[in-house]
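Here's the letter readout for the chains.
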Amino acid sequence: MDWNQYRFRSLWALPAPAPDVYRALERIEDYPRWWPQVREVTRLDDTSGLLRFRSLLPYDLTATLYEGHRDPAAGVLEVAMRGDMEGWARWTVTSRGSGTLARYDQEVEVHKPLLRRLAVPGRPLFRANHRLMMRAGRRGLAAYLEAGRQAV
């Protein structure tokens, strides 16, 4: 087992239509408006951007995201990641009743030196940190979508 490799999956049940969720997730430059741990997004061009994020633990991670597979009809958004983490992440958005299920899958290898040095003893904390970030993201996106519906 490589202690610097991580595989994550999160499921977000959201009370909004799937097309609205997909549109919010594809606008990565808006993530800091609703996801507290996404501290900064800098668009590099139409298909890439630099993200800086931090959850509970006191370290920032930065990664350049490059658009990969994008299929609005199937609800798929996928990016390749390079930087403090290298790998990929994918959103799959599907209708579920009157709302949406957004599934997030990610496979990365950590390159940030501090995280590599602490890979074995820190792994449970790093995984918990990720869970907290994802929980806050779900709550933030739900509130953002609700505010958007009320504004219409």
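Computed from a predicted model, the values in this text were never measured in an experiment. (Residues numbered from 1 in each chain as written. Predicted model: local features only at pLDDT ≥ 70, side-chain atom pairs only at ≥ 80, totals over all residues. Heavy atoms only, no water.)

Observations concerning the layout of surface pockets
If you add up the space inside the largest pocket, you get close to 730 Å³. Around the largest pocket, the lining comprises 42 residues; the ones closest to its centre are Leu51, Leu65, Met81, Ala89 and Tyr104. Among the elements that line the lining of the largest pocket, the one with the most residues is strand β4 (residues 61-71), at six residues. Its residues placed into classes, the lining of the largest pocket shows 26 nonpolar, eight polar and eight charged. (1 Å grid on protein atoms, 1.4 Å probe; cavity = no way out; pocket = protein on both sides within 12 Å on 5 of 7 lines; lining within 4 Å. Points joined across faces, edges and corners; volume = space filled by probe spheres on them. Helix = DSSP H or I, 4+ residues; strand = E, 2+ residues; numbered from the N terminus. Nonpolar A, V, L, I, M, F, W, Y, C, P; charged D, E, K, R; others polar.)

Examining a nonpolar patch on the surface
A surface patch of nonpolar side chains, amounting to about 360 Å² of accessible area, comprises Met1, Trp3 and Val120. Positionally, methionine 1 belongs in the segment before β1 (5-14). On the basis of relative accessibility, which here comes to 73%, the residue methionine 1 falls in the exposed class. (Patch = residues over 30% accessible without salt bridge, like charges linked within 9 Å, V, L, I, M, F, W, Y side chains within 5 Å. Areas by Shrake-Rupley, 256 points an atom, 1.4 Å probe, with all protein chains shown as cover. Salt bridge = Lys/Arg side-chain N within 4 Å of Asp/Glu carboxyl O. Buried < 20%, exposed > 50% of the residue type's maximum accessible area, 1.4 Å probe, protein only.)

Looking at the pattern of salt bridges
Inspection of the entire model under this criterion finds 15 salt bridges. The salt bridge partner of arginine 9 is aspartate 105, with a shortest N-O separation of 2.6 Å. Taken together, the residues arginine 9 in strand β1 and aspartate 105 in strand β7 (residues 99-110) connect sequence positions 96 residues apart. Judged by relative accessible area, arginine 9 falls into the exposed class, the value being 53%. One salt bridge in this structure joins aspartate 20 and arginine 23, with 2.4 Å as the shortest N-O distance.

Examining the environment of glutamate 86
Along the chain, glutamate 86 turns up in strand β6 (residues 85-96). Put simply, glutamate 86 and threonine 64 are 22 residues apart on the chain and 9.1 Å apart in space, counted from C-alpha to C-alpha. Non-local contacts of glutamate 86, meaning those with residues more than four positions away in its chain, are made with Met81, Glu107, Val108, Glu109 and His111. (Contact = heavy atoms within 4.5 Å.)

With respect to the pairing of β1
Because side chains alternate across β1, one face comprises the buried residues Tyr6, Phe8, Ser10, Trp12 and Leu14, and the other comprises Gln5, Arg7, Arg9, Leu11 and Ala13, none of which is buried. Note that β1 and β7 share ten bridges and pair antiparallel. In the sheet register, tryptophan 12 faces β7, and the bridge partner there is alanine 102. (Pairing = 2+ DSSP bridges.)

Observations regarding the side chain of serine 48
Relative to the elements of secondary structure, serine 48 occurs in strand β3 (residues 48-53). Excluding anything up to four places from it in sequence, serine 48 contacts Arg43, Leu65 and Tyr66.

Overview of the pairing of strand β2 (residues 38-45)
Relative to β3, β2 runs antiparallel, the two being bridged by six bridges. Note that in β3 the partner of threonine 42 across the bridge is leucine 50. Once β2 ends, the chain turns through two residues before running back antiparallel as β3.

Regarding the sheet that holds β6
The seven strands are arranged β1-β7-β6-β5-β4-β3-β2 in an open sheet whose pairing can be described as antiparallel. The open sheet is flanked by β1 and β2, the only strands paired with a single partner. When strand polarity is set aside, the average angle formed by the axes of neighbouring strands in this sheet is 20 degrees. Seen against the sheet, helix α1 (residues 18-26) touches β1, β2, β4, β5 (76-83), β6 and β7 and runs at an angle of roughly 160 degrees to β6. (Axes fitted to C-alpha atoms, helices over the stretch in contact; angles between N-to-C directions.)

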